[in-house]
Amino acid sequence: MSLAAQLTGDVTAIGYGLAAIGPGIGIGLVFGHGVQAIARQPEMFQLLRQQIILGLVFAEALAIIGLVMPIVYKKM
Amino acid sequence: MSLAAQLTGDVTAIGYGLAAIGPGIGIGLVFGHGVQAIARQPEMFQLLRQQIILGLVFAEALAIIGLVMPIVYKKM
Amino acid sequence: MSLAAQLTGDVTAIGYGLAAIGPGIGIGLVFGHGVQAIARQPEMFQLLRQQIILGLVFAEALAIIGLVMPIVYKKM
Amino acid sequence: MSLAAQLTGDVTAIGYGLAAIGPGIGIGLVFGHGVQAIARQPEMFQLLRQQIILGLVFAEALAIIGLVMPIVYKKM
Amino acid sequence: MSLAAQLTGDVTAIGYGLAAIGPGIGIGLVFGHGVQAIARQPEMFQLLRQQIILGLVFAEALAIIGLVMPIVYKKM
């Protein structure tokens, strides 16, 4: 029986892959709507960019957490 | 039989990965629409930011809950 | 029993596949809204393109991270 | 017991399948919003098309990477 | 034990199924926004149709690639 030699890999890679779906779409939404907001109110660029970066950070954080969780769960 | 040595990892990582999809998209929606609302009504910035942060907290909470649940389930 | 010979492949390929979903949609959102913002405010092209590229980089990064993570997890 | 003879195939095909979801939607978003931007500002056609192609390339790249990754992971 | 007799089929079909999700939505976005753009600027029909077909080709390509990949992976 040679099951192992054929189906290989680390399933934690799937965990990160799933965790990256949402933030990937989320960052697109923040920046997509963000550039339209800047185009509408160019004089508010500083304030709008600040809010865009804030949204980016919270969304990106979810993916980064997904990156380190497999290591954390392994240590427990 | 060497099944274990090839397909490795902790499936709890998949659980967090799934939990991060929704909040990732949700945060993007909150901030994306949020910056457009700020651009449309700049004088309401304080109130709008307050609501954006409120939406962020509830969405982010879902991912954070997904982060600690594997530990809770293990302790039970 | 010949299970192995039939179902083959590396599950880490699924991890990358998942990680590419979000950024793929995200890049589409950034550029889609971006070209509309440029069409609305052509004179702000430099500033808007800068923000579009910024959004692109953060979204694309999530997919690239998904590309190298299987190698990182394997080394641990 | 004859498990193997029934469920066959290479799981890496699933990896590419997943990797094609995001860019597929993303390209649609870029061109969909793109043609509307061109309709709004026909005289900016050259500049807008350039940005549309740029977004297309970065989104399509994610799917193409997903195409070759199974081969790369296999060689490791 | 008769596990095998119950769950049958080739998992590569799942790969193509997943690969068809994104382009399916993407083509819908291109044509959906496209007909709206044509309705807004009827005199630009030739140019807009050209861009719509271009977007269609790149999105459709991702699904067609998913169609032939299982054969390619099998030959390796």
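Note that the structure is predicted; figures quoted are calculated from it, not measured. (Residues numbered from 1 in each chain as written. Chains lettered and ligands numbered in written order. Predicted model: local features only at pLDDT ≥ 70, side-chain atom pairs only at ≥ 80, totals over all residues. Heavy atoms only, no water.)

This part covers the interface of chain C and chain A. Taken together, the contact pairs 43 residues of chain C with 44 residues of chain A. Carbon and sulfur atoms make up 75% of the surface buried where chain C meets chain A, a total of about 3,700 Å² over both sides. Linking chain C with chain A are 0 salt bridges, by the criterion used here. The interface formed by chain C and chain A holds 5 residue pairs in polar contact (both at pLDDT 80 or more) in total. Among the secondary structure elements, those contributing two or more residues to the side of chain C that touches chain A are strand 1 (7-10), helix 1 (12-40) and helix 2 (45-75) of chain C. It is helix 1 of chain C that contributes the most residues to the side of chain C that touches chain A, 17 residues altogether. The class makeup of the residues in the side of chain C that touches chain A is 28 nonpolar, 13 polar and 2 charged. (Contact = heavy atoms within 4.5 Å. Buried area = accessible area lost by both parts, 1.4 Å probe. Salt bridge = Lys/Arg side-chain N within 4 Å of Asp/Glu carboxyl O. Polar contact = N/O pair within 3.5 Å; in protein donor to acceptor, adjacent residues only side chain to side chain. Helix = DSSP H or I, 4+ residues; strand = E, 2+ residues; numbered from the N terminus. Nonpolar A, V, L, I, M, F, W, Y, C, P; charged D, E, K, R; others polar.)

The grouping of A:Arg40, B:Arg40, C:Arg40, D:Arg40 and E:Arg40 at the surface amounts to a positive patch. Inspection of the secondary structure assignment puts A:Arg40 in helix 1 (residues 12-40). By relative accessible area, which is 31% here, A:Arg40 ends up partly exposed. (Patch = residues over 30% accessible without salt bridge, like charges linked within 9 Å, V, L, I, M, F, W, Y side chains within 5 Å. Areas by Shrake-Rupley, 256 points an atom, 1.4 Å probe, with all protein chains shown as cover. Lys, Arg positive; Asp, Glu negative; His and termini not counted. Charge placed at Lys NZ, Arg CZ, Asp CG, Glu CD. Buried < 20%, exposed > 50% of the residue type's maximum accessible area, 1.4 Å probe, protein only.)

As a further point, take the side chain of E:Gln51. The topology assignment puts E:Gln51 in helix 2 (residues 45-75). Residue E:Gln51 is classed as buried on the basis of its relative accessible area of 1%. If sequence neighbours within four positions are ignored, E:Gln51 has contacts with D:Phe31, D:Val35, D:Ile38, D:Phe45 and D:Arg49.

Let us look at the interface of chain D and chain E. The partner chain E presents 43 residues to the 44 residues of chain D that form the contact. Counting the contacts that link chain D with chain E gives 0 salt bridges. On the surface where chain D and chain E come into contact, there are 4 residue pairs in polar contact (both at pLDDT 80 or more). For the side of chain D that touches chain E, the secondary-structure elements that each account for two or more residues are strand 1 (7-10), helix 1 (12-40) and helix 2 (45-75) of chain D. Of the residues forming the side of chain D that touches chain E, the biggest block, 22 residues, is contributed by helix 1 of chain D. Partitioning the side of chain D that touches chain E into residue classes produces 27 nonpolar, 12 polar and 5 charged.

Here the focus is a nonpolar patch on the surface. Residues and elements named next belong to chain E. A cluster of nonpolar residues, Tyr16, Ile64, Leu67, Val68, Ile71 and Val72, forms a patch on the protein surface that exposes about 490 Å² of accessible area. You can see Leu67 is positioned in helix 2. When its relative accessible area of 45% is taken as the criterion, Leu67 is described as partly exposed.

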